[in-house]
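What follows is the residue order along each chain.
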Amino acid sequence: MTDGSVLKRYVTTFAPAFVVGVAYYAAARIGLLQELVNGQVTPLWPPTGIALVGLLLFGLRTWPGIAVAALVVNMSVGPIAAAVAISVGNTFAPVCAYFLLRRVGFRVELDRRRDALALIFLAAMVGMAVSATIGAGALVLTGVVSPADFAATWSVWWTGDAMGVLVVAPFLLALRAVRTVRALREIRLWRWIEFLALLAGTFVVTAVATRTTPNVVFLVSPFLIWAALRFQLAGAAPCALVVSVVTIQAVASGSVPFADTDLLTSMVILQAFNASAALTALILATIIAERNQAYAQVELACVRLAEVVSQLDRGRLVTALIPPVSSPTYEPSSGADE
């Protein structure tokens, strides 16, 4: 085996883990800007979405990059014993979610309702409970958080990890569908204008709804529905991300709708709202995608049927133009003359 082939094999093996680890670390530093508990528990933890997508796209070979990045991040904000335990939970949770999704036949195209439901309930709700339990437990055992604050810490942790899966993972999978600059250039100008107007409207309406006294957060739903109907996952995922980020910022800043609630209650409200928004966007987007696929299959079947009918008609025409060849009749001899 040549040195070039050995180097290529090592690059192929370790490059995905390195890229995912770097992205995990960068996203973690951004996520810590919205910490609510002890400087390290945040209601939106983007690295979980990055870790899960890395596992889905490149397989289990990316877990060392996730583990190293999680350890480096947690060592910078807490005791080393807690950092080690938390990094184990941060690695184990997306791996568990990865196996759960593989178990149900998850497809990264997110073009089926079952895929959206699996991402929401298996990966986000079930898988991320692992990291929340290990992380909150580690903070309590190391004395960083008092036992009385375990429930609030666990709720914030679980909310952050679940939201990372619900809003970041679909966004990254939607970006994966656009692989070339040429594909972007083929999109018409008016579609770009509509998409940008949709994002701007979602941002403005969410910001107003989460910072005013009347509870008008339901005004966000039409924008999510519009995004799913017009752009499917490519529109629903960015809008859901915008809604989640703006709402979490409102909770962190203690805006009017969340000013008179404690941390645990705010996390319950936040989780319910963001989960409902993500559920609406993803489920409707997958329903529209399934409808489009069914329409395309019916159209293809009609085209093939038309081709078959055309071939049959040509065969009948040829048969009508060419008369059948009559076979000679055989008349038996009457015998010798008497």
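Residues numbered from 1 in each chain as written. Predicted model: local features only at pLDDT ≥ 70, side-chain atom pairs only at ≥ 80, totals over all residues. Heavy atoms only, no water.

**Observations concerning the overall build of the chain**
Selection rule: Numbering of helices and strands runs from the N terminus, with a helix taken as a DSSP run of H or I at least four residues long and a strand as a DSSP run of E at least two residues long. Burial classification: accessible surface area is computed with a 1.4 Å probe over protein chains only, and a residue below 20% of its type maximum counts as buried, one above 50% as exposed, and the rest as partly exposed. Two residues qualify as a contact provided that any one of their heavy atoms is within 4.5 Å of a heavy atom in the partner residue. What sets the accessible areas is the Shrake-Rupley method with a 1.4 Å probe; for residues, cover comes only from the shown protein chains.
Of the regular secondary structure elements, the chain holds 11 helices and 0 strands. Within the chain, the fraction of its 338 residues that count as buried is 41%. Within the chain, contacts between residues separated by at least 24 positions form 75% of all contacts whose residues are at least 6 apart in sequence. Total accessible area on the chain stands at roughly 18300 Å², and carbon and sulfur atoms take up 68% of it.

**Quick notes on the pattern of salt bridges**
What counts, and what does not: Here a salt bridge means any side-chain nitrogen of Lys or Arg lying within 4 Å of a carboxyl oxygen belonging to Asp or Glu.
Scanning all chains against the criterion turns up 5 salt bridges. Between R107 and D111 there is a salt bridge, with its nearest N and O atoms 2.8 Å apart. Judged by relative accessible area, which is 13%, D111 ranks as buried. With its nearest N and O atoms 2.9 Å apart, the salt bridge here joins E290 to R113. One end of the pair, E290, is in helix α11 (residues 263-321); the other, R113, is in helix α5 (residues 113-141), and 177 residues separate them in sequence. One salt-bridge network, held together by shared partners, links R191, E194 and R230.

**Observations regarding a nonpolar patch on the surface**
Stated formally: Grouping into patches uses exposed residues only, defined as over 30% relative accessible area, and leaves out salt-bridged ones; the cut-off is 9 Å for like charges and 5 Å for nonpolar side chains (Val, Leu, Ile, Met, Phe, Trp, Tyr).
Where nonpolar side chains cluster on the molecular surface, the patch consists of M75, I80, V84, V88 and F92 and spans about 460 Å² of accessible area. At 4 residues, the largest contribution of residues to the nonpolar patch is made by helix α4 (residues 80-103). Turning to its location among the elements, F92 is positioned in helix α4. Given a relative accessible area of 44%, F92 falls into the partly exposed group.

**Things to note about unusual backbone geometry**
A positive phi angle is found at L110, which is not glycine, with a value near 50 degrees. Judged by its relative accessible area of 3%, L110 falls in the buried class.

**Details of the nonpolar core**
Let me state the cut-off plainly: The nonpolar core is taken to be a set of buried Ala, Val, Leu, Ile, Met, Phe, Trp, Tyr and Cys residues, with the residues joined through side-chain atoms within 4.5 Å.
Judged by nonpolar contacts, the single largest core of 61 residues is most densely connected at L52, L101, F106, L119 and L166. Those elements that provide at least two residues to this core are α1 (3-31), α2 (46-58), α3 (63-75), α4, α5, α6 (150-177), α10 (233-253) and α11. By residue number, the principal contributor to this core is α6, which donates 12 residues. Discounting chain neighbours no more than four positions away, the residues touching L119 are L52, L101, F106, L110, A124, V165, L166, P170 and L282.

**Considering the side chain of T62**
With respect to the element layout, T62 can be found in the loop between α2 and α3. By relative accessible area, T62 is classed as buried at 0%. T62 has contacts with P16, A17, V20, G54 and L55, leaving out every residue within four places of it along the chain.

**Digging into α2**
Put simply, the test is: Between the first and last residue of a helix there are one fewer steps than residues, each counted as 1.5 Å, and that sum is the expected span.
Counted at 1.5 Å a residue, the expected span for α2 with its 13 residues is 18 Å, and the 18 Å between its end C-alpha atoms agrees. Within α2, 11 of the 13 residues are buried, which leaves the element mostly enclosed by the surrounding structure. Taken together, the buried positions of α2 are P46, P47, T48, G49, I50, A51, L52, V53, G54, L55 and L56.

**Some remarks on the packing of aromatic side chains**
Note the cut-off: Note on aromatic pairs: the rings of Phe, Tyr and Trp (six-membered ring only in Trp) are paired at centre separations within 6.5 Å, and the planes decide the class, stacked below 30 degrees, edge-to-face beyond 60, tilted for the rest.
Following the criterion strictly, the structure yields 5 aromatic pairs and no others. Aromatic pair W192 and F195: ring centres 6.5 Å apart, planes at 80 degrees, arrangement edge-to-face. Of the two residues, W192 and F195 both sit in helix α8 (residues 189-209), 3 residues apart, roughly one turn of that helix. The exposure class of F195 is buried, given its relative accessible area of 16%. Here the aromatic residues W192, F195 and F231 are joined through ring pairs into a cluster of three or more.

**Examining α4**
A rise of 1.5 Å per residue sets the reference length of α4, with its 24 residues, at 34 Å; its end C-alpha atoms lie 35 Å apart and thus fit the reference within 8%. G105 lies just past α4 and shows a positive phi near 70 degrees.

**Things to note about the environment of R29**
Tracing the sequence through the fold places R29 in helix α1. Assessed through its relative accessible area of 36%, R29 is described here as partly exposed. C-alpha separation for the pair R29 and V73, spaced 44 residues apart in sequence, amounts to 7.6 Å. Excluding residues within four positions of it along the chain, R29 makes contact with V73 and S76.

**Let's talk about the packing of α8 against α10**
This is how the line gets drawn: To get an axis, a line is fitted to the C-alpha atoms, and for a helix only the part in contact is used. The angle between two axes follows their N-to-C directions and goes from 0 to 180 degrees. Small angles under 35 degrees read as roughly parallel and large ones over 145 as roughly antiparallel, with 65 to 115 read as roughly perpendicular and the rest as oblique. Crossing handedness: left-handed means the near helix sits turned counterclockwise from the far one by under a right angle, and right-handed means the same turn made clockwise. Note that Gly is not counted as nonpolar here; it falls among the polar residues with everything else outside the nonpolar set of Ala, Val, Leu, Ile, Met, Phe, Trp, Tyr, Cys and Pro and the charged set of Asp, Glu, Lys and Arg.
Between α8 and α10, whose axes approach to 9 Å, the crossing angle comes to 25 degrees. In terms of their interaxial angle, α8 and α10 are classed as roughly parallel. In this structure, α8 crosses over α10, and the sense of that crossing is right-handed. Residues F195, L198, L199, T202, F203, T206 and A207 of α8 lie in contact with α10, whose contacting residues are A234, G235, P238, C239, V242, V243, V246 and T247. Of the residues in the contact of α8 with α10, the class split is 11 nonpolar, 4 polar and no charged.

**Section: the confidence of the model for the chain**
Rules: What pLDDT conveys is the predictor's confidence in a given residue, as a value from 0 to 100.
For the chain, mean pLDDT is 81; residues scoring 70 or higher make up 80% of the total. Of all helices and strands in the chain, the one with the weakest mean pLDDT is helix α7 (residues 181-185) (61), whereas α2 scores best (93).

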